[in-house]
Amino acid sequence: MTSANSVFQIKTIHEKDLTGQKRDQLVQWFKDEFGYIPLKWAEPQWYVLAFNDSELIGRVGIIDRLILVADQQICIGGISGVIAKNEWRNNGIGKKLMAEAVKAIKDKLNVCFGLLLCRKEVSGFYEKLGWKVNDFPTTFEQPQGKMVFPNLTMTYSCEGAFFPNAPIDLNGLPW
Ligand SMILES: CC(C)(COP(=O)(O)OP(=O)(O)OC[C@H]1O[C@@H](n2cnc3c(N)ncnc32)[C@H](O)[C@@H]1OP(=O)(O)O)[C@@H](O)C(=O)NCCC(=O)NCCS
């Protein structure tokens, strides 16, 4: 772990504004961390990135998506590939990345709901930040057809908004 006083900078960037090299680095990092999950994933439209000087030390992708919740259409920001570099973990980077991602969902996507898929082992991290577990199945598309996500789906609602606790169809590839 790096010192708790370490300084890092956070930047929100549209995928179109990434250099080819940075895009490749982000794609590779996602594969290295989550490549063991045999799914085809959606590509993020936005990224929230953490840097220490020029070194990339944290990342979150954001997907702009219209999903179906109990057949009701809802625009959400999908949170994808939340990663803090191993030696930088427990320094508040994940928390700061998620705060900026929620801000981007409101300010860049103009929506008030977030949705992410995760393993039970990390749900506590998101719960601390106000995310809630959805109790119903989440389905999504894969080249071979529709699938049900085997782990947890969590949602975030801006103040005053309410995300229905109901079955979810991601209406496309997962993230
Ligand atoms: C999950 C991850 C992004 C957290 O990043 P981080 O920078 O270490 O987290 P932070 O230092 O901001 O932690 C914020 C809070 O969450 C807590 N926390 C961190 N990981 C946690 C976990 N797995 N479960 C429960 N709480 C956790 C911290 O203790 C801290 O609590 P505090 O505010 O009470 O002190 C990081 O561990 C990671 O990259 N993991 C590997 C990739 C991964 O699994 N990502 C999630 C995919 S869904």
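Numbers given to residues run from 1 along each chain, matching the order in which its sequence is written. Reporting of local features is limited, given that this is a predicted model, to residues whose pLDDT is at least 70; pairs of side-chain atoms are given and counted only at 80 or more, and all residues count toward the totals for whole chains, interfaces and linings.

J.: Hey, could you run me through the overall build of the chain in this one?
T.: By the criteria applied, helices consist of DSSP H or I runs no shorter than four residues and strands consist of E runs no shorter than two, each listed in order from the N terminus. Looking only at helices and strands, the chain features 3 helices and 10 strands. Reading the chain from its N end, one meets helices and strands in the order β-α-β-β-β-α-β-α-β-β-β-β-β. The globule rule puts the C-alpha radius of gyration for 175 residues at 16 Å, and the 16 Å found for the chain is close to it. Expressed as lengths along the three principal axes of its C-alpha atoms, the size of the chain is roughly 45 × 35 × 30 Å. With C-beta atoms placed from the backbone, the exposure class of a residue follows from how many other C-beta atoms lie within 10 Å of its own: 20 or more, buried; 12 or fewer, exposed; in between, partly exposed. Evaluated residue by residue, the chain yields a buried proportion of 32% over its 175 residues. Partitioning the intrachain contacts of the chain with sequence separation of at least 6 by distance along the chain shows that 70% fall at a separation of at least 24. Each radius of gyration is computed over the set of C-alpha atoms, and the globule rule expresses the reference value as 2.2 Å times the number of residues to the power 0.38. This entry defines residue contacts through backbone-placed C-beta atoms, with two residues in contact when those atoms are within 7 Å.

J.: Explain the nonpolar core to me, please; I cannot follow it from the model alone.
T.: Burial of nonpolar side chains together is a common tendency in soluble globular proteins. What makes a nonpolar core is a set of buried Ala, Val, Leu, Ile, Met, Phe, Trp, Tyr and Cys residues, with links drawn between C-beta atoms within 7 Å. The biggest cluster of nonpolar side chains holds 37 residues, and the ones touching the most others in it are Val48, Val60, Ile62, Ile93, Leu97 and Ala101. Discounting residues that sit within four places of it in the chain, Ile62 has contacts with Pro44, Gln45, Trp46, Gly77, Gly78, Ile79, Ala101, Ala104 and Ile105.

J.: Before we go on, may I ask you to explain the site of the ligand in this structure?
T.: Around the ligand, the structure places 17 residues, and the nearest of them are Arg89, Gly94, Lys95, Cys118 and Gly124. Those elements giving two or more residues to the shell around the ligand turn out to be β4 (72-84), α2 (93-107) and α3 (120-127). The dominant element in the shell around the ligand, judged by the number of residues it contributes, is α3, at 4 residues. Tallied by class, residues from the shell around the ligand come to 7 nonpolar, 5 polar and 5 charged. A residue counts as near a molecule or strand when its C-beta atom, positioned from the backbone, falls within 6 Å of it. Here the nonpolar group is Ala, Val, Leu, Ile, Met, Phe, Trp, Tyr, Cys and Pro; Asp, Glu, Lys and Arg are the charged ones; every other residue, Gly included, is treated as polar.

J.: What is the right way to read the pairing of strand β9 (residues 152-157) from this model?
T.: Remember that side chains alternate between the two faces of the sheet whenever the strand is regular. By this definition, two strands are paired if DSSP reports at least two bridges between them. In the sheet, strand β5 (residues 113-118) pairs with β9 via 6 bridges, with the strands oriented antiparallel. Its bridge partner being in β9, Gly114 is matched across the sheet by Tyr156. Direction of pairing for strand β6 (residues 132-133) relative to β9: antiparallel, over a ladder of 2 bridges. Bridge pairing in β9 places Val133 opposite Met154.

J.: Explain the pairing of strand β7 (residues 138-142) here, please?
T.: As paired elements, β7 and strand β10 (residues 168-169) share 2 bridges and run parallel to each other. Each bridged residue has a counterpart across the sheet, and for Thr139 the counterpart in β10 is Asp169. Judged from the 4 bridges that link them, β7 and strand β8 (residues 145-148) form a sheet pairing that is antiparallel. Residue pairing in the sheet places Thr139 in a bridge with Val148 of β8.

J.: Looking at this structure, how should I read unusual backbone geometry?
T.: For residues that are not glycine, phi is negative in most cases, and the peptide bond is trans in most cases. Here Ala70, not a glycine, exhibits a phi torsion of approximately 50 degrees, which is positive. Mapping Ala70 onto the fold places it in the loop between β3 (55-69) and β4. Despite not being glycine, Asp71 shows a phi value in the positive range, around 70 degrees. Mapping Asp71 onto the fold places it in the loop between β3 and β4.

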